[in-house]
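Remarks on the overall topology
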Amino acid sequence: MVKKKTIEIQKAYQQQGGKLRKYQELILGRRSLWGLFRYEFITGLCGWMPGALGLVLRMKLYPKLLGAVGRNVTFGRDVVLRHPHKIRIGNDVVIDDHVVLDAKGEDNAGIEIGDGVFIGRNTILNCKNGDIILEDRVNMGFNCHIFSASRVHVGRDNLIAAYCYLVGGTHLSDDPDIPILDQGRESRGVRVGPGGWLGAHVTVYDGVEIGRHCIIAAGAVVNKSVPDYAVAGGVPAGVIRSRKGQE
């Protein structure tokens, strides 16, 4: 399934309407003055706060903003929440400092994070009318980026090293006489099977499915699907061998 409708921040800001309305739609996803007050109060009070006091306050107050939050969820400093009512988090999760959880969209489900997930510092989960699902025990290093204009699904027990980029969408480029920026987007999504390892600086393109228990070598650019138990690497990535001992 190909999804072509996305949310563009630049175009949204250019639409008519007051600044308060635009802020509510882009950041909160709702036009509730009480919701706006609660969001501003909680994030302004403790979002920046260092030390144990900040951790405790965010652990107690951030669940009031989010769609669902389990037990023992830790939020680092300066975590950015957009459309927070569409963010659902399981138990025993760590969201490190400066993480962006952006569930923005008009008709998407948003971001779903399973139990025991770790999301490293400066990582961005970015929806543009798409969904992002991290199953249980996904471990993401720092400075990773997941973009979804349809659906990006990462299976359980995956290790995703620093600076990985999962690109769940692409720009159209059919007409050479029209700027790429004006030709829209489409998205087929990305799926990563359980139990694998993406090395540092791996890029996974839209439309790719990575199988179960795969290893993708550091620096690889994955532009086509990878079968179960494969070890793949290179630019573009190719299968090097099978972890099952087959050629």
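In the block above lies the structure referred to throughout.
Residues numbered from 1 in each chain as written. Predicted model: local features only at pLDDT ≥ 70, side-chain atom pairs only at ≥ 80, totals over all residues. Heavy atoms only, no water.

**As for the pairing of strand 25 (residues 238–242)**
Pairing of strand 24 (residues 230–233) with strand 25 involves four bridges; the strand directions are antiparallel. Across the sheet, residue Ala232 finds its bridge partner in strand 25, namely Val239. Connecting strand 24 to the antiparallel partner strand 25 that follows it, the hairpin turn spans four residues, and Gly234 within it adopts a positive phi of roughly 105°. (Pairing = 2+ DSSP bridges. Helix = DSSP H or I, 4+ residues; strand = E, 2+ residues; numbered from the N terminus.)

**Examining the sheet that holds strand 1 (residues 68–69)**
On the basis of which strands lie adjacent, the open sheet formed by seven strands has the order 1-4-7-10-13-18-21 and parallel pairing. A strand with exactly one partner marks an edge of an open sheet, and here the two such strands are strand 1 and strand 21 (209–210). Relative to strand 21, strand 18 (residues 190–192) is paired through two bridges, and the arrangement is parallel. What sits directly across from Val192, in strand 21, is Ile210.

**A look at helix 3 (residues 33–46)**
For helix 3, built from 14 residues, the straight-helix expectation of 20 Å at 1.5 Å per residue is met to within 8% by its first-to-last C-alpha distance of 20 Å. Those residues of helix 3 hidden inside the fold are in contact with helix 2 (19–28), helix 4 (51–61) and strand 3 (80–82). (Expected span 1.5 Å × (residues − 1). Contact = heavy atoms within 4.5 Å.)

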